[in-house]
Amino acid sequence: MEYKIKVVIADDHALMRQGLKQIIELEEDIEVVALAVDGEDAIKQSQTFKPDVILLDINMPNMNGIQALRRLKDRNVDAKIIMLTIHDDQEYLFETINIGASGYVLKDAESASLIKAIRDVYAGRSYIHPSLACILVKEYPEKGKLEDVYKKEKLTRREYEVLGLIAEGKNNREIGETLFISEKTVKNHVSNIFKKIDVNDRTRAAIYAYKHNIKKI
């Protein structure tokens with residue numbers, strides 16, 4: 001029997017929880033193992049059910065999604081975390097990036113976007129809803145154009161290729177297959193890229209690539 005991606009949904013609105021559950025469980029490879037009503041409940045459910053992916057609404061009572069994200073990261077929970085956001089939550093996006101969320105999905109997005117986000121983060125990729133990605137690229141703070149140019153010049157041709165593929169959402173195995181190099185070699189390139197452009201996760205690396213129009217050569 002094929003393994004199913006285990007998901008916990010945390011949202012304080014019952015209709016939203018149930019609606020998301022119904023959408024997700026139409027997929028044969030994903031199952032919802034628990035529903036949570038706030039951040040505290042999400043942490044409890046994650047401890048009990050050990051999910052692969054947690055969907056966290058940002059605005060919840062008692063403990064909101066950002067607080068829960070921080071707690072989960074502090075506890076080194078293995079689950080990938082997707083933030084459920086509305087356009088009014090834009091101010092929180094940078095904070096959740098810094099804490100370590102793997103995905104961002106708008107609540108009014110099509111169901112296909114949610115399913116893609118779950119599968120992508122489970123596979124080790126980042127997922128940012130396209131409209132949010134545009135905001136992040138436009139607004140994400142820069143440290144200075146001259147410094148950025150210097151960073152770009154330090155990247156090798158192969159590192160440009162790898163960074164472009166990171167921006168496309170590919171994981172290390174897929175990058176290796178695309179470039180005909182080993183996964184271990186890809187991992188080394190990714191580590192070098194992170195150091196050179198001063199980021200510590202794939203989401204911020206992808207944002208950097210978007211901002212500087214870095215694409216696979």
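Residues numbered from 1 in each chain as written. Predicted model: local features only at pLDDT ≥ 70, side-chain atom pairs only at ≥ 80, totals over all residues. Heavy atoms only, no water.

The name an unreviewed UniProt entry assigns to the protein chain is Stage 0 sporulation protein A homolog, from the organism Marinisporobacter balticus. In its Function (unreviewed entry) section, the UniProt record describing the protein chain reads: "May play the central regulatory role in sporulation. It may be an element of the effector pathway responsible for the activation of sporulation genes in response to nutritional stress. Spo0A may act in concert with spo0H (a sigma factor) to control the expression of some genes that are critical to the sporulation process." (UniProt positions renumbered as here; feature names shortened; annotations may be inferred.)

Draft legend 1. Quick look at the pattern of salt bridges. Applying the stated criterion across every chain yields a total of eleven salt bridges. Across the pair Lys21 and Glu25 runs a salt bridge whose closest N-O atoms are separated by 3.1 Å. One salt bridge connects Arg125 with Asp120, and the closest N-O pair in it is separated by 2.9 Å. The exposure class assigned to Asp120 is buried, which follows from its relative accessible area of 6%. (Salt bridge = Lys/Arg side-chain N within 4 Å of Asp/Glu carboxyl O. Buried < 20%, exposed > 50% of the residue type's maximum accessible area, 1.4 Å probe, protein only.)

Draft legend 2. Representation of the side chain of Asp38 in the model. Relative to the helices and strands, Asp38 resides in the loop between strand 2 (30–36) and helix 2 (39–49). Despite being buried, Asp38 has no salt bridge partner; Lys44 is the closest side chain of opposite charge, sitting 7.1 Å away. Within the local environment of Asp38, its side chain forms a polar contact with the backbone nitrogen of Asp41, the two atoms lying 2.8 Å apart. At 2.8 Å, the side chain of Asp38 and the side chain of Asn62 are in polar contact. Residue contacts for Asp38: discarding those within four places in its chain leaves Ala10, Met60, Pro61, Asn62 and Met63. (Helix = DSSP H or I, 4+ residues; strand = E, 2+ residues; numbered from the N terminus. Lys, Arg positive; Asp, Glu negative; His and termini not counted. Polar contact = N/O pair within 3.5 Å; in protein donor to acceptor, adjacent residues only side chain to side chain. Contact = heavy atoms within 4.5 Å.)

Draft legend 3. Structural detail: the packing of helix 2 against helix 3 (residues 65–74). Across the interface, helix 2 lies against helix 3 with an axial gap of 8 Å and an inter-helix angle of 30°. Looking at the two axes, helix 2 sits roughly parallel to helix 3. Considering how the two elements wind past one another, helix 2 and helix 3 form a crossing that is right-handed. Listed contacts from helix 3 to Gly39, Ile43 and Ser46 of helix 2 are Ala68, Arg71 and Leu72. Here the contact of helix 2 with helix 3 is composed, by residue class, of three nonpolar, two polar and one charged. (Axes fitted to C-alpha atoms, helices over the stretch in contact; angles between N-to-C directions. Parallel < 35°, antiparallel > 145°, perpendicular 65-115°, else oblique. Left-handed = near helix turned anticlockwise from the far one by under 90°. Nonpolar A, V, L, I, M, F, W, Y, C, P; charged D, E, K, R; others polar.)

Draft legend 4. Focus on the pairing of strand 4 (residues 80–85). Extensive coverage of strand 4 is indicated by the burial of five of its six residues. Of the pairings in the sheet, the one linking strand 3 (residues 53–57) to strand 4 comprises five bridges and is parallel in character. From the neighbouring strand, Ile54 faces strand 4, where its bridge partner is Ile81. The parallel pair strand 3 and strand 4 is bridged by helix 3, and the resulting crossover is right-handed. Sheet analysis places strand 4 next to strand 5 (residues 103–106), joined by four bridges and oriented parallel. Paired with Leu84 across the strands is Val105, a residue of strand 5. (Pairing = 2+ DSSP bridges. Right-handed = clockwise from strand over helix to strand, strands pointing away.)

Draft legend 5. The arrangement of the nonpolar core in detail. The biggest cluster of nonpolar side chains holds 46 residues, and the ones touching the most others in it are Val7, Ile24, Leu55, Leu56 and Ile118. Not counting residues up to four positions away in its chain, the partners in contact with Leu55 are Val7, Val8, Ile9, Ala10, Ile24, Ile82, Leu84, Leu114 and Ile118. In this structure, Leu179, Val190, Ala206 and Ile214 belong to the second largest nonpolar core, which totals 19 residues. (Core = buried A, V, L, I, M, F, W, Y, C linked by side-chain atoms within 4.5 Å.)

Draft legend 6. Molecular detail of the environment of His129. By secondary structure assignment, the location of His129 is in the loop between strand 6 (127–128) and helix 6 (130–139). Setting aside residues no more than four positions away along its own chain, His129 makes contact with Tyr104, Val105, Leu106, Ala109 and Ser113.

Draft legend 7. Examining the side chain of Thr96 more closely. Tracing the sequence through the fold places Thr96 in helix 4 (residues 90–99). Setting aside residues no more than four positions away along its own chain, Thr96 makes contact with Ile66, Leu69, Met83, Ala101 and Tyr104.

Draft legend 8. Geometry of helix 9 (residues 172–179). If you check which residues of helix 9 are buried, you get Asn172, Ile175, Gly176 and Leu179. Each buried residue of helix 9 lies within a common arc of 100° when the element is viewed along its axis, so the set occupies one face. On its buried face, helix 9 is in contact with helix 8 (157–167), helix 10 (183–197) and helix 11 (202–211). Among the residues of helix 9, the N-terminal cap falls to Asn171, whose side-chain oxygen and the backbone nitrogen of Arg173 are separated by 3.2 Å. Where helix 9 terminates, the next one or two residues include Phe180, which has phi positive at roughly 60°. (Arc of directions from axis to C-beta.)

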